[in-house]
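Residue-level structure breakdown
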Amino acid sequence: MITVVTRFAPSPTGRLHLGHAFSALTAFRFAGVHGGRFLLRIEDIDTGRCRAEFVDGIFEDLAWLGLTWEAPVRRQSEHMEDYAAALARLQAAGVVYPCFCTRADIAAAATAPHGAQPLYPGTCRALDAQTRARRMAEPHAWRLDVARAAAITGPLSWHDAVQGEIAATPETEGDVVLARKDAGTSYHLSVTVDDALQGVTDVVRGEDLFSATHIHRLLQGLLSLPTPRYHHHPLLTGPEGKRLAKRDRAETLAELRARGVPPEAIKHQLGFA
Ligand code: GLU
């Protein structure tokens, strides 16, 4: 029997709110029910937006809720070489290409229906080798050539606890960035590498990341990494039925605590008592 390993992987770009508490408690309980291990991972590749005080806040808030996790806590910013090694393998396999586009270039070339997140139009995938070589001194990202990658791996699928067996359709995400211009890696690449390196058997996270799993599954295929089981839980909604998010100024756990709300009340409200 393989021991269940779950994780909660917040980005320290703000204080945690109830939505984070729900996700962390769901992963923590899943590990507990299965006699498994629970990990906390700090996803701080975005050095421009991540702050040390928010890392401290994550520890404080989760401890207040009664969660315990294994030490040491993995911080992505301390493992950039792992993501660089994965990127190098993808480069060697010919499934990534440098992208020189600015945000404005992409917005101008994209043909997405108004309001939808535009897929990358593939501008830099079409560059000839000479142009590419000449431009390599310019700042560039690395994008996944989804069609080429999927042709190498063939059809893939994963198991979702709610929806069952899911056929991976990474082409619906387009040629996503795997290494940002400013970071040298991306959410997709680091999360996939880390879940494998840390032996995560069950990824418990919000359903807003369901579509990202198509890309993660493809990366697992390309990098010969194991595929965890996925549990995409529904997102908590606020009073108007809108999803809770930092930008909506949803009340943070720190604010609730300061108001004298006990952790038991939060757990009860979220269905964990
Ligand atoms: N770091 C991501 C976030 O804060 C979550 C990553 C994941 O659970 O896969 O949204």
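An unreviewed UniProt entry annotates the protein as tRNA glutamyl-Q(34) synthetase GluQRS originating from Sphingosinicella xenopeptidilytica. Recorded in UniProt under Sequence similarities (unreviewed entry), the annotation for the protein is "Belongs to the class-I aminoacyl-tRNA synthetase family."

The next thing to look at is the site of the ligand. Near the ligand, the surroundings consist of Arg-7, Ala-9, Pro-10, Ser-11, Glu-43, Tyr-187, Val-191, Arg-205 and Leu-209. Tyr-187 places a polar side-chain atom, nitrogen or oxygen, 3.0 Å from an oxygen atom of the ligand. Arg-205 is positioned such that a nitrogen or oxygen atom in its side chain is 2.8 Å from an oxygen atom of the ligand. Within the complex, the protein chains bury 77% of what would otherwise be the 300 Å² of accessible surface of the ligand. When grouped by side-chain class, the residues that make up the shell around the ligand number 5 nonpolar, 1 polar and 3 charged.

Taken as a whole and judged by the stated rule, the model has 20 salt bridges. One salt bridge connects Glu-43 with Arg-41, and the closest N-O pair in it is separated by 3.0 Å. Of the residues examined, Arg-41 reaches a relative accessible area of 0% and is grouped as buried. The salt bridge involving Arg-41 is made with Asp-194; its shortest N-O contact spans 3.7 Å.

Reading guide: rules and limits
Residues numbered from 1 in each chain as written. Predicted model: local features only at pLDDT ≥ 70, side-chain atom pairs only at ≥ 80, totals over all residues. Heavy atoms only, no water. UniProt positions renumbered as here; feature names shortened; annotations may be inferred. Near = heavy atom within 4 Å. Polar contact = N/O pair within 3.5 Å; in protein donor to acceptor, adjacent residues only side chain to side chain. Areas by Shrake-Rupley, 256 points an atom, 1.4 Å probe, with all protein chains shown as cover. Nonpolar A, V, L, I, M, F, W, Y, C, P; charged D, E, K, R; others polar. Salt bridge = Lys/Arg side-chain N within 4 Å of Asp/Glu carboxyl O. Buried < 20%, exposed > 50% of the residue type's maximum accessible area, 1.4 Å probe, protein only.

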